[in-house]
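Observations on the three-dimensional arrangement
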Amino acid sequence: MDLFSILAEERIKEAMKNKEFDNLPGKGKSLPKDDLAHVPSELRIGYKILKNAGMIPEEMQIKKEMLEIEDLIACCYDEEEKEQLKRKLNEKLIRFNLLMEKRKMGQTGAFKRYQSKLNRLF
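So, here's what we can say about the structure. What you see is a predicted model; the values in this text were computed from it and never measured. (Residues numbered from 1 in each chain as written. Predicted model: local features only at pLDDT ≥ 70, side-chain atom pairs only at ≥ 80, totals over all residues. Heavy atoms only, no water.)

Regarding the overall build of the protein
Scanning the protein from N- to C-terminus turns up five helices and zero strands. Moving toward the C terminus, one meets the helices and strands of the protein in the order α-α-α-α-α. Across the 122 residues that make up the protein, the buried fraction comes to 16%. Look at the contacts in the protein between residues 6 or more apart in sequence, and 51% of them connect residues 24 or more apart. Of the accessible surface of the protein, which amounts to about 10,100 Å², a share of 55% is contributed by carbon and sulfur atoms. (Helix = DSSP H or I, 4+ residues; strand = E, 2+ residues; numbered from the N terminus. Buried < 20%, exposed > 50% of the residue type's maximum accessible area, 1.4 Å probe, protein only. Contact = heavy atoms within 4.5 Å. Areas by Shrake-Rupley, 256 points an atom, 1.4 Å probe, with all protein chains shown as cover.)

A closer look at a negative patch on the surface
On the surface, a cluster of negative charge is made up of E9, E10, E14 and E20. Position of E20 relative to the elements: it lies in the loop between α1 (3-17) and α2 (41-52). (Patch = residues over 30% accessible without salt bridge, like charges linked within 9 Å, V, L, I, M, F, W, Y side chains within 5 Å. Salt bridge = Lys/Arg side-chain N within 4 Å of Asp/Glu carboxyl O. Lys, Arg positive; Asp, Glu negative; His and termini not counted. Charge placed at Lys NZ, Arg CZ, Asp CG, Glu CD.)

Let's talk about the packing of aromatic side chains
Applying the stated rule across the entire model yields zero aromatic pairs. Here the guanidinium or amino end of K63 rests over the ring plane of F96, the centre of that ring lying 5.2 Å away. (Phe/Tyr/Trp six-rings, centres within 6.5 Å; stacked < 30°, edge-to-face > 60°. Lys NZ or Arg CZ within 6 Å of the ring centre and 35° of its normal.)

Quick word on the side chain of K82
Within the element layout of this structure, K82 appears in helix α4 (residues 79-103). E79 is the oppositely charged side chain nearest to the buried, salt-bridge-free K82, at an N-O distance of 4.3 Å. In this structure, K82 is in contact with I73 and C76, ignoring residues within four places of it in sequence.

Some thoughts on unusual backbone geometry
Positive phi values are uncommon outside glycine, yet K19 reaches one of about 60°. For K19, the location among the structural elements is in the loop between α1 and α2. Look at K19 and you get exposed, because its relative accessible area is 58%.

Observations concerning α1
For α1, built from 15 residues, the straight-helix expectation of 21 Å at 1.5 Å per residue is met to within 8% by its first-to-last C-alpha distance of 21 Å. Among the residues trailing α1, K19 stands out with phi positive, at a value near 60°. (Expected span 1.5 Å × (residues − 1).)

Re the pattern of salt bridges
The tally for this structure, following the rule as stated, stands at four salt bridges. Between D22 and K27 there is a salt bridge, with its nearest N and O atoms 3.9 Å apart. We classify D22 as partly exposed; its relative accessible area is 35%. Note that K92 is salt-bridged to E65, the shortest N-O span being 2.5 Å. You can see K92 sitting in helix α4 and its partner E65 sitting in helix α3 (residues 58-75), a full 27 residues away along the chain.

Functional significance is not addressed by these values, which are geometric in nature.
Have a look at this one:
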């Protein structure tokens, strides 16, 4: 154990002895579920940084937009507007497929294993 770990452990024990942790919010409650539990450990930190910055990969943003357009199509009664939405959806699908092809993501083993899990997130 290094010096920092020893000092940290001593401070924690002292705080516990002085009951400084007794009134913390969430005491006795379970920790929130990690929404990245399905992501490989070597990718989690990158995903967390992007998520905390409010960023998602471009292909996931396009996928999210596609789902929103599909929802709009399902609720749309105007045929002309529905056709415009379908054209927009096709454009997004083409853009998504081009991105995937460019990045060759469909060929990597990691992508194939986690594709369905990633799609469920967005």
